[in-house]
Every structure is written in structure tokens, then in C-alpha cells.
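Results of the structural survey
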Amino acid sequence: MDNPFKYGSIVEGGFFTNRTDDLVKVAQVIQSSNHLILISPRRYGKTSLINKAVVSLNRPVVFLNLQLVTSTSDFATELLKRILSIYKIEKIKHFFKDFRFVPTISLNPVSNNFDISFAPMASAKPILEDVLTLIETLGKKGKKPIVIFDEFQEIRIIDKLLDKQLRSIIQHHQCVNYVFMGSQESLMRDIFERKKSPFYHFGTLQTLDVIPYLDFEVFLKTGFSLIHKKSASEIAKDILLFTQQHPYYTQMMAYHYFNALLRNKHSTLQDVILSIVREHNMDYERLWMNLNLKDRELILELIYIQKGLRTVKNNTIPTSTRYSAYKRLLQNGYLIQAKEGYKVEDPFFATWLMDKREQMNVI
């Protein structure tokens, strides 16, 4: 029997959990003359959502994760590589004559991808401008491209002036839809909502929350009904209680529990949770050891509050210290900022930590 759950990669088809409203909103923006800003914590399903939205539109899609970019010239080069993976080089090579620095392009026989390089003395700014102008030109000649920049908040790390340069170029584009995705809400809002920012109100801002409880419950119940029909509803509720509707960890938990039930119909959710925690013991230990003492204290405090073991925060910690630590932990992926406040992102990491703390009391 095939497992109806999937995690760790783009979720498509029957694996995709109902996000009907989000899909409609995303598609409406991309089909208009506007640009989209999509914000959510890591592993909430931004990429799966945008992938599902653009596939149905049958338009060229250029996708670039800015976490993989190291400089402005690298930005331009990686963007051009993705253009060449979509458009046949024979049909667009004549546009290169308009480049101020003509790239050297060769096909890598091993990867079957294009290797691109510019002259060492080539200036990064005109290279990027020419590549972006090429995308606009292709939009004028054919179907309107969709350009997706993932983890867009990284733009200020790549080059502190890159956001200003990028805005000055693409603000004139009429034949391209841009999608800016990011996982660090405060940084993304600073880029798109601060009046002095070059990208102030550059597009329609949409935030992605956890999947609504009832939608997720129906999805899980349907999947587990294939193997455990009588208990499917209870299983769905128990999983969502543990994961707090986090899209990635819910799919992960469901996937492993489904497999466990295939092997042994008497397997319990707790058995599977402990199995996953043991499997990642070294990873969690490494994560914990990389934290300073104040960060550790605040993570423990949040876990205790989430589990109802504590009701108030330690008021001896200065507010400035607390929120600078929260900001750091958000950026490093330990925490997420939900409507109800800050939460530890990984429920399995929280379980590992609580287990370790309890072991301290065992002689």
C-alpha cells in the first residue's frame, strides 16, 4: 500500500493539503499586472503552494533561492542559467548581442546544464541589468514569465545596495510577474513595508499561516482511513495536537506513523515520536550545543509554557535581551512567530529536550 503522506520536498497532487483560499489569492495576483510578496516561516509550504499555483498557468517560471547566491554577479549568472533551462538557447542567443558583457556559455556534458561565465573585469551591475532586461524582452515576445525569488530577505546580505539596484531595474518591467518569498517575517516586512525601503509596497503582501485545523484533520483522517478506518479520526487529532498544525512536521509525523501501522497495527503515536527523536539524537544535540546559555534558557521557557508546565515568563530577563534572543533564534530557525506568540519550531526537538531534562532526575 502506498503511503498517502509526503514531506521533505515539494508536495503535489494528492499529497497537497487543502489551501484553497491561499491558492486563489496567489493565482489572482500572478494573473494580474501586480507582483506577489509571500511570507511564512520555513517549511510551511510556500514552495509547494506557489508551485501548484504556477503549474496551472502554463507560463515560463524562473525560480532562484537567494540563500544560494554569493554576490551580485553570481545572482546574474544563476538567473541566466535558469533562463537557459527554460528557453532553448538557439531561440534566444541573438539577444546576447545587446549585452554589454557577452557571456561565455557551454553545455556541461556531465550535468547537462549550462556553464556560464563573464570576463573577470566585467562589472556586476550591468550584467544583472542585462539579464533582467532579457527576461522582460522574452515576456514581450511570448508568454509572460513568472520570476520567483525565494528567501528574498537574503538580498541585503548579498550586497547592501542590491535591493536598490534591483528595484531600479524591475520597476519598469511590464511583461514579468515577480514573486518574492521569505521566511523571516520581520526582515521581509522591513523590505516591503518600511517607507524608506526601495521595495516599499512593491507588491501584494500575503502571509501563509498553518493549514486550518479542520482541513488538516480531514486530510489526515482520509489518509489513515486506508489502513485504520475506526481509529483514523482519533489518530488525526493526536497528530495535530503534537505538531500544532505545522505543515512539515504534520506530514512527517503522518508519514512515519502510517508506515509503522503497516508493519504493526498496534504501533502507537508515542512509539513513533520516540523513534524519530532517537534517530535524530545527534542532530538535536549538535543544535543544542550551538546555542548560548540565554538562548537555551528561553527555548526551555517556551517549551514549558507550550506544554502547560509554566504559565509566566521569567521577569528577571530584560525585555531587550529577550527580544534580541528571539530575533536571533527566529533567524536561525529554532523559533517561529505565530499569532499566539513565539513557539519552538520543531516539536521533535522539543520532545528530545524534555526527555533529556527528565533523564537528569533519574539516578
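Bear in mind that the values here come from a model prediction, so they are computed numbers and not experimental data. (Residues numbered from 1 in each chain as written. Predicted model: local features only at pLDDT ≥ 70, side-chain atom pairs only at ≥ 80, totals over all residues. Heavy atoms only, no water.)

1. Things to note about the nonpolar core
Inside soluble globular proteins, nonpolar side chains tend to come together where they are buried. Counting 49 residues, the largest nonpolar core has Phe224, Ile239, Met253, Tyr257, Ile299 and Phe348 as its most contacted members. Looking at this core element by element, the count peaks at 9 residues for helix 11 (residues 247–263). Here tyrosine 257 is in contact with Phe224, Ile235, Ile239, Ser267, Thr268, Leu269 and Val272, once residues within four sequence places are set aside. Counting 44 residues, the second largest nonpolar core, distinct from the first, contains Phe95, Ile116, Phe118 and Leu166. (Core = buried A, V, L, I, M, F, W, Y, C linked by side-chain atoms within 4.5 Å. Buried < 20%, exposed > 50% of the residue type's maximum accessible area, 1.4 Å probe, protein only. Helix = DSSP H or I, 4+ residues; strand = E, 2+ residues; numbered from the N terminus. Contact = heavy atoms within 4.5 Å.)

2. Some thoughts on the sheet that holds strand 7 (residues 204–207)
In spatial order, the strands read 2-5-6-1-7; together these 5 strands make up an open sheet with parallel pairing. The open sheet has two edge strands, strand 2 (61–65) and strand 7, and neither has a second partner. Averaged over neighbouring strand pairs, the angle between their axes works out to 15° when direction is ignored. Across 4 bridges, strand 1 (residues 36–39) lies against strand 6 (residues 177–182) in parallel orientation. Bridge assignment links isoleucine 39 to a residue of strand 6, and that residue is glycine 182. On top of the sheet, helix 1 (residues 20–30) reaches strand 1, strand 5 (146–150), strand 6 and strand 7; it is set at about 160° to strand 7, its chief contact. (Pairing = 2+ DSSP bridges. Axes fitted to C-alpha atoms, helices over the stretch in contact; angles between N-to-C directions.)

3. Concerning the pairing of strand 9 (residues 341–344)
The pairing of strand 8 (residues 335–338) with strand 9 spans 4 bridges and is classified as antiparallel. Paired with alanine 338 across the strands is glycine 341, a residue of strand 9. As consecutive antiparallel partners, strand 8 and strand 9 are separated by 2 residues.

4. A short note on helix 10 (residues 232–243)
Along an α-helix, a turn takes 3.6 residues, which lines up residues three or four apart on a common side. Here helix 10 spans 17 Å end to end across 12 residues, near enough to the 16 Å set by a 1.5 Å rise per residue. Three or more residues of helix 10 are buried, namely Ala232, Ile235, Ala236, Ile239, Leu240, Phe242 and Thr243. Buried residues of helix 10, seen end-on, are gathered within an arc of 160° and therefore sit on one face of the element. In the stretch just after helix 10, glutamine 244 is the one whose phi turns positive, near 55°. (Expected span 1.5 Å × (residues − 1). Arc of directions from axis to C-beta.)

5. A few points about unusual backbone geometry
Unlike most non-glycine residues, asparagine 58 shows phi in positive territory, near 55°. Along the chain, the position of asparagine 58 falls in the loop between helix 2 (46–55) and strand 2. One non-glycine residue, glutamate 151, adopts positive backbone phi at about 50°. Within the element layout of this structure, glutamate 151 appears in the loop between strand 5 and helix 6 (155–158).

6. Concerning the packing of helix 11 against helix 12 (residues 269–279)
Axes are the key here: two packed helices are described by the angle between their axes and the distance separating the axes. It is the contact of helix 11 with helix 12, at a shortest axis distance of 10 Å, that shows an interaxial angle of 115°. For the element pair helix 11 / helix 12, the angle class is roughly perpendicular. Helix 11 and helix 12 meet at a crossing whose hand is right-handed. For the pair helix 11 and helix 12, contact is made by Met252, Met253, His256, Tyr257 and Ala260 and by Leu269, Val272, Ile273 and Ile276, respectively. In the contact of helix 11 with helix 12, the residues fall into 8 nonpolar, 1 polar and no charged. (Parallel < 35°, antiparallel > 145°, perpendicular 65-115°, else oblique. Left-handed = near helix turned anticlockwise from the far one by under 90°. Nonpolar A, V, L, I, M, F, W, Y, C, P; charged D, E, K, R; others polar.)

7. Here's the deal with the packing of aromatic side chains
Under the criterion given, the structure shown has 32 aromatic pairs. A centroid spacing of 5.2 Å and a plane angle of 85° characterise the contact between phenylalanine 96 and phenylalanine 99, whose relative ring orientation is edge-to-face. Comparing phenylalanine 96 with phenylalanine 99 shows no difference in burial state: the two are buried. Ring centres 4.8 Å apart and planes at 65° place the aromatic pair phenylalanine 152 and phenylalanine 180 in the edge-to-face group. (Phe/Tyr/Trp six-rings, centres within 6.5 Å; stacked < 30°, edge-to-face > 60°.)

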